[in-house]
Amino acid sequence: MSRTMLQVRVTRKSMDAEDVAVLELASVDEERQPLPAFSAGAHIDVQLPNGLVRQYSLCNSPADSHRYQIGVLRDSASRGGSTAVHDLIKEGTTLEISSPRNHFPLAIEASHSILLAGGIGVTPILSMAERLSAIDAPFDFHYCTRSLQCTAFHSRILASAFATRVSFHHDDGDEGQKLHLRELLDSHREATGVHLYVCGPQGFLDWVIQSAEAAGWPAAQLHYEYFGAEVSKSNSDAEFEVQVSSSGLLVRVLGGQSVVEALAQHGVQVETSCEQGVCGTCVTRVLRGTPDHRDHYLTAQEHAANNQFMPCCSRSKSPVLVLDL
């Protein structure tokens, strides 16, 4: 990776709930390279022992200056990231990570915050709850999981200063404890300055975002982060060309092939990380042409502008895309 990386050591590894590994990371040299401060909602890139790079949200309090904490669910459909965390990383393992980046920040102007977490999407939401609680800002926290056994950080939340603000919703529980989303959205729709934050699986995010939009919530008050997404890739996708503006090189992108893969075959490297269109690492300016956006990172307004796209997953509606590379 081209960006400056930090050396950290896994000072603690534990299991929390069903198939969730929690890692605590500390600088290997606190005096010379202390951990940078972070804000609620931030994530780090982690260079895993098997060579993959993955993004994980920081779930501890931003007030912590000596450690980072991440929670990773073992995913049966893992492309190698979660299995590396669970099977290859031990206490004492040294890792390289990026400095924290935040594409999911809290809105400082909010009069009230609604935090919605689905499954392991609780990780950035936890950090937000820690921050809002620390500054005594009003918020409600709704945490949806399949069952109590799948509810990571349950004990930590119950022991926290914000425990009374949290409602747990389990798929296998009775109807009364389930999240009645439309009622929640309607109860805050007319209030001024209420912001909603949601993180979780794609289906959960789509449900919340579409429900909020249907209920009339302004887009500026909806904040979300995908931690994984299906990448639409098919051999039946139409072929197109991308042109590298700095050299004039024309590269054909085949059906079932990503722009990043096609460029790499011609020696043009684009930095990537998630390869799913959720992290923003590979965002590239488009100088001419119309992208076929398939990411979950850029906003609807940014999609409409068509002056940038994610070459790890998006394609082109026009015969040629000229890229600022």
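Quick caveat, the model's predicted, so the values are computed rather than measured.

(A) Broad picture of the overall build of the protein chain. Scanning the protein chain from N- to C-terminus turns up 7 helices and 18 strands. For the protein chain, whose C-alpha radius of gyration is 21 Å, the value lies close to the compact-globule estimate of 20 Å for 325 residues. Each of the three principal axes of the protein chain carries a C-alpha extent, and together these read 60 × 50 × 35 Å. Put simply, the protein chain has 325 residues, and 51% of those count as buried. Of the contacts formed within the protein chain by residues at least 6 apart in sequence, a portion of 66% connects residues at least 24 apart. One finds the centroid of the 25 positive side-chain charges in the protein chain at a distance of 4 Å from the centroid of its 38 negative side-chain charges.

(B) The pairing of strand S14 (residues 284-288), seen in detail. Two strands pair when backbone bridges link them, and S14 and strand S16 (residues 308-309) are joined in this way by 2 bridges, in the antiparallel orientation. Residue pairing in the sheet places threonine 284 in a bridge with phenylalanine 309 of S16. Where S14 and strand S18 (residues 320-323) come together, 2 bridges link them in antiparallel fashion. By the bridge assignment, valine 286 is partnered in S18 with leucine 323.

(C) Just the nonpolar core, in detail. Counting 28 residues, the largest nonpolar core has Leu115, Ile125 and Phe141 as the members making the most contacts within it. Within the residue set of this core, elements represented by two or more residues are strand S2 (20-27), strand S7 (112-118), helix H2 (122-134), strand S8 (139-145), strand S9 (166-170) and strand S10 (194-200). With 6 residues, the top contributor of residues to this core is H2. When near neighbours in sequence (up to four residues on either side) are disregarded, isoleucine 125 contacts Phe104, Leu115, Leu116, Ala117, Phe141, Tyr197 and Cys199.

(D) Region of interest: the sheet that holds strand S12 (residues 240-244). Within the open sheet, the 5 strands sit side by side as S13-S12-S18-S14-S16. Their pairing is mixed. For this open sheet the edge positions go to strand S13 (250-253) and S16, each flanked by a neighbour on one side alone.

(E) Representation of the packing of aromatic side chains in the model. Applying the stated criterion to the full structure yields 7 aromatic pairs. By way of ring pairs, the aromatic residues Phe139, Phe141, Tyr143, Phe162 and Phe168 are connected into one cluster.

(F) Looking closely at the pattern of salt bridges. One pass over the structure, following the stated rule, counts 14 salt bridges. Here arginine 156 ties to glutamate 130 by a salt bridge, and the two come within 3.1 Å at their closest N and O atoms. Of this pair, arginine 156 sits in helix H3 (residues 154-158) while glutamate 130 is found in helix H2, placing the two residues 26 residues apart along the sequence. On the accessibility criterion, glutamate 130 (21% relative accessible area) is partly exposed. In this structure, glutamate 239 engages arginine 252 in a salt bridge whose closest nitrogen and oxygen atoms are separated by 3.3 Å. Placement of the pair is glutamate 239 in the loop between strand S11 (222-226) and S12 and arginine 252 in strand S13, with a sequence separation of 13 residues. The class of glutamate 239 is partly exposed, set by a relative accessible area of 45%. Under the relative-accessibility criterion, arginine 252 is labelled partly exposed at 42%.

(G) Structural context of unusual backbone geometry. A positive phi angle, close to 65 degrees, is found at alanine 17, a residue other than glycine. With respect to the helices and strands, the residue alanine 17 is situated in the loop between strand S1 (5-15) and S2. The exposure class of alanine 17 is partly exposed, given its relative accessible area of 32%. Although it is not a glycine, aspartate 136 adopts a positive phi angle of roughly 60 degrees. If you trace the backbone, aspartate 136 turns up in the loop between H2 and S8. The exposed category is assigned to aspartate 136, whose relative accessible area is 63%.

Conventions and cut-offs
Residues numbered from 1 in each chain as written. Predicted model: local features only at pLDDT ≥ 70, side-chain atom pairs only at ≥ 80, totals over all residues. Heavy atoms only, no water. Helix = DSSP H or I, 4+ residues; strand = E, 2+ residues; numbered from the N terminus. Rg over C-alpha atoms; globule rule 2.2 N^0.38 Å. Buried < 20%, exposed > 50% of the residue type's maximum accessible area, 1.4 Å probe, protein only. Contact = heavy atoms within 4.5 Å. Lys, Arg positive; Asp, Glu negative; His and termini not counted. Charge placed at Lys NZ, Arg CZ, Asp CG, Glu CD. Pairing = 2+ DSSP bridges. Core = buried A, V, L, I, M, F, W, Y, C linked by side-chain atoms within 4.5 Å. Phe/Tyr/Trp six-rings, centres within 6.5 Å; stacked < 30°, edge-to-face > 60°. Salt bridge = Lys/Arg side-chain N within 4 Å of Asp/Glu carboxyl O.

Read these as spatial facts, not as claims about activity.
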